[in-house]
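# Observations on the model geometry
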Amino acid sequence: MSNMIPAYLRQDGRKGIRNVIVVAYLVECAHHVARQIVTRANHPDIQLIGFPGCYPNDYALKIMKRLGTHPNVAGALLVSLGCESFNRKALREEIENSGRPVNNLIIQQTGGTRSTIDAGLEWVLETQASSAKQPTVDMNVDELVVATICGGSDGTSGISANPAVGRSFDKLLEQGATCIFEETGELIGCEQIMSERAITADLGKEITSAVNKAESYYSKMGYGSFAPGNADGGLSTIEEKSIGAYMKSGASPISGLIKPGDIPPKGGLYLMDVVPDGEPQFGFPNINDNAEIVEMIASGAHLTLFTTGRGSVVGSAISPVIKICGNPETFENLSEDMDINAGKIMLGEASLDSVGEEIYNKVIAVAKGEPSKSEALGHQEFILTYKQFEAIGPSCLPIR
Amino acid sequence: MNLDKRLISLSSKDNVLVCCRQIPMNEAVEINGTSVTMPLTINVGHKIARQAIAEGELIVRCGMPIGSATSPIALGAHVHSHNIKSDYTASHDRNATQSEQ
């Protein structure tokens, strides 16, 4: 079986494995209109994203720019109410300069709800139809960006699904792909072992301080990144959850530390620091798993490997999500949502290597166009909220 | 050592074993040659003590510390949030409120 992936070439040289038109509301007041456009279009390649706030936020603008110019995105319709603070001009220009079709409908200037829905629907259908004609080019595995996240973890995740994803990461990295793992708040206790894997000592120090920042931030919030369901599933402490979460990163050297929306250099393993800088200002770092998936997509992820023990069903707009289930009982219960059964490892029926191989093959198949389970079920969860970040330091990306 | 098939030892340094197949209440498992009857059902992903653990002792899973014992734990006992705590940020349950923090 050839590993060559049919893909869509973008002006910046990156290639997409999907060809999605995004409809983005730029304030909650435009959400209904944007959702109606997507619902009526009823097409898997027309998807809803958006930002609800009416106050400006540099982070949200950066993430929306990265999403609008994501390799899996072919064009964008921006839906404004008209009076919100979101810098629609900057977002539109960024997408326009990337060579993609873009349109901005302003409800207050388009005659209201019905007229804007009609105008938007016409535009997205036409744009989707013409983007569907774009010929594909060959894409190699080394051009793929693959992210990983765990959600609904239990006592099995860290033994089965997470280390199996780690094996698949090692194989992808061997072939030159780019891999991203994240949630420094769920890596508390693993800072030393991670910093030893960093390609330079200075990067190691940056990783340690990112985890220390996460611990201090969560302490101020009063809750660790630990849900009651984690405890139901046998996890007792954040350190225990962390050790399991850490297993997703595999055994390869860590090439850099990025923040949400930073596009990593081609090839290598990157840790994403998702915890805001400075004193807590807007609440919890990521209010749920979907916020983290959005951030990794903004950093260019073509697809996300989502490990679970309790069983999560979410997918995502823009980039497919592949579910790897670590708990054999959950896999039985939720098989319609799970792509890979890593629970076989718990029962001694499969090895980490064989499931790692299975995950790798699924990555290639989904990259080639096979829908993942959540994708086929129509899951397109999306959330973006307020955050603040400083730029990464010079030691964070030793090889640019 | 022949370990019960419903339990996994993740590292020889560990003082806990992880359940990989549910162990129903009142069933016995053999740990280090001692037969222990389970006073409650142990679900997949949960831990039981491989040896007696003293109060304050580190709990080691996968060769790494995951917290410390808040009370003495007997061989074979369920090891969870009722008898161990985080040495970083405390875990919370569904009854947690902001004012408690």
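Refer to the structure above for everything that follows.
This write-up is about the structure you can find in this document. It should be emphasised that the depicted structure is a prediction, and the values quoted were computed from it without experimental measurement.

On a plain count of helices and strands, chain B comes out with zero helices and nine strands. Its C-alpha atoms give chain B a radius of gyration of 14 Å, within 12% of the compact-globule value 13 Å for 101 residues. Viewed in the frame of its principal axes, chain B has a C-alpha envelope of about 45 × 25 × 20 Å. Looking at chain B as a whole, 44% of its 101 residues qualify as buried.

In this section: the overall build of chain A. Counting its secondary structure elements, chain A contains 14 helices and 14 strands. Its C-alpha atoms give chain A a radius of gyration of 20 Å, near enough to 21 Å, the size a compact globule of 400 residues would have. In terms of overall dimensions, chain A has C-alpha extents of about 60 × 50 × 40 Å along its principal axes. Relative to its 400 residues, chain A shows a buried fraction of 63%. Across chain A, contacts joining residues at least 24 apart in sequence account for 76% of those joining residues at least 6 apart. Surface summary for chain A: the accessible area is close to 14100 Å², and the carbon and sulfur share equals 50%.

The next point concerns the packing of helix α2 (residues 58-68) of chain A against helix α10 (residues 289-298) of chain A. All names here are of chain A. The geometry of α2 relative to α10 is characterised by a closest axis approach of 8 Å and an angle of 60° between their N-to-C directions. Taken as axis vectors, α2 and α10 run oblique relative to one another. The handedness of the crossing between α2 and α10 comes out as left-handed. Residues Tyr-59, Ile-63, Arg-66 and Leu-67 of α2 pack against Val-294, Glu-295, Ile-297 and Ala-298 of α10. Tallied by class, the residues present in the contact of α2 with α10 amount to six nonpolar, no polar and two charged.

Take the pattern of salt bridges next. Under the defined criterion, the tally for this structure stands at 25 salt bridges over all chains. For Arg92(A), the salt bridge identified is with Glu96(A), shortest N-O distance 3.6 Å. Taken together, the residues span about one helical turn, with Arg92(A) and Glu96(A) both in helix α3 (residues 88-97) at a distance of four residues. Across the pair Arg6(B) and Asp4(B) runs a salt bridge, and its minimum N-O distance is 3.0 Å. According to the relative accessible area criterion, Arg6(B) is buried, its value standing at 16%. Residues joined by salt bridges that share partners form a network here, namely Lys213(A), Lys259(A), Asp273(A) and Asp277(A).

Attention shifts here to the packing of helix α5 (residues 161-174) of chain A against helix α13 (residues 352-367) of chain A. Residues and elements named next belong to chain A. Packing of α5 against α13 brings their axes to within 8 Å, and their N-to-C directions diverge by 60°. As far as their axial angle goes, α13 and α5 are oblique. Considering only the axes of α5 and α13, their crossing is right-handed. Two secondary-structure elements touch here, α5 through Pro-163, Ala-164, Val-165, Arg-167, Ser-168, Lys-171 and Leu-172 and α13 through Leu-352, Asp-353, Val-355, Gly-356, Glu-357, Ile-359, Tyr-360 and Val-363.

Opposite the 33 residues of chain A that make contact, chain B presents 35 residues. Counting each side, the surface lost to burial between chain A and chain B is near 2800 Å², with a carbon and sulfur contribution of 57%. Counting the surface chain A buries against chain B, the share from its top three residues, Tyr223(A), Ser236(A) and Glu239(A), is 21%. If you look at where chain A meets chain B, you find two salt bridges. Between Glu240(A) and Lys47(B) there is a salt bridge whose closest N-O contact spans 2.8 Å. On the surface where chain A and chain B come into contact, there are twelve residue pairs in polar contact (both at pLDDT 80 or more). Of all the elements in the fold, those that place two or more residues in the side of chain A that touches chain B are α7 (201-221), α8 (228-232) and α9 (238-246) of chain A. Tallied by class, the residues present in the side of chain A that touches chain B amount to 15 nonpolar, twelve polar and six charged.

Right, let's get into α9(A). Burial runs high along α9(A): nine of the nine residues are buried. Three or more residues of α9(A) are buried, namely Ile238(A), Glu239(A), Glu240(A), Lys241(A), Ser242(A), Ile243(A), Gly244(A), Ala245(A) and Tyr246(A).

Residue and element names in this part refer to chain A. Burial within strand β8 (residues 145-150) is extensive, with six of its six residues counted as buried. Relative to strand β9 (residues 178-182), β8 runs parallel, the two sharing three bridges. The partner of Val-145 across the bridge, within β9, is Thr-178. Each parallel crossover has a hand, and for β8 linked through α5 to β9 it is right-handed. Looking at chain direction, β8 and strand β12 (residues 303-308) are connected through five bridges and run parallel. The partner of Thr-148 across the bridge, within β12, is Leu-305.

The next thing to look at is the packing of aromatic side chains. All names here are of chain A. If you walk through the whole model with that rule in mind, you get five aromatic pairs over all chains. When the ring of Tyr-223 is compared with that of Phe-284, the centres are 6.2 Å apart and the planes differ by 40°; the resulting orientation is tilted. Residue Tyr-223 is found in the loop between α7 and α8, and its partner Phe-284 is found in the loop between β11 (268-272) and α10; the two are separated by 61 residues along the sequence. Residue classification places Phe-284 among the partly exposed residues on the basis of a relative accessible area of 32%.

Let us now look at the sheet that holds strand β1 (residues 5-9) of chain A. Residues and elements named next belong to chain A. Read from one edge of the open sheet, three strands run β2-β1-β7, paired in antiparallel fashion. With partners counted over all chains shown, the strands left at the sheet margins are β2 (15-16) and β7 (137-139), one partner each. The pairing of β1 with β2 spans two bridges and is antiparallel. The residue of β2 that forms the bridge with Leu-9 is Lys-15.

In this section: the sheet that holds strand β4 (residues 46-50) of chain A. All names here are of chain A. The strand order β4-β3-β5-β6 describes an open sheet built from four strands, whose pairing is parallel. One side of each edge strand has no neighbouring strand; the edge strands of this open sheet are β4 and β6 (102-106). Here the strands of the sheet are splayed against their neighbours by 20° on average, with no regard to which way each runs. Pairing between strand β3 (residues 20-25) and strand β5 (residues 73-80): six bridges, direction parallel. Looking at β5, one finds that Ile-21 is bridged to Gly-75. Packing against the sheet, α3 makes contact with β5 and β6, and its axis sits at approximately 160° to β6.

Calculation rules
Residues numbered from 1 in each chain as written. Chains lettered and ligands numbered in written order. Predicted model: local features only at pLDDT ≥ 70, side-chain atom pairs only at ≥ 80, totals over all residues. Heavy atoms only, no water. Helix = DSSP H or I, 4+ residues; strand = E, 2+ residues; numbered from the N terminus. Rg over C-alpha atoms; globule rule 2.2 N^0.38 Å. Buried < 20%, exposed > 50% of the residue type's maximum accessible area, 1.4 Å probe, protein only. Contact = heavy atoms within 4.5 Å. Areas by Shrake-Rupley, 256 points an atom, 1.4 Å probe, with all protein chains shown as cover. Axes fitted to C-alpha atoms, helices over the stretch in contact; angles between N-to-C directions. Parallel < 35°, antiparallel > 145°, perpendicular 65-115°, else oblique. Left-handed = near helix turned anticlockwise from the far one by under 90°. Nonpolar A, V, L, I, M, F, W, Y, C, P; charged D, E, K, R; others polar. Salt bridge = Lys/Arg side-chain N within 4 Å of Asp/Glu carboxyl O. Buried area = accessible area lost by both parts, 1.4 Å probe. Polar contact = N/O pair within 3.5 Å; in protein donor to acceptor, adjacent residues only side chain to side chain. Pairing = 2+ DSSP bridges. Right-handed = clockwise from strand over helix to strand, strands pointing away. Phe/Tyr/Trp six-rings, centres within 6.5 Å; stacked < 30°, edge-to-face > 60°.

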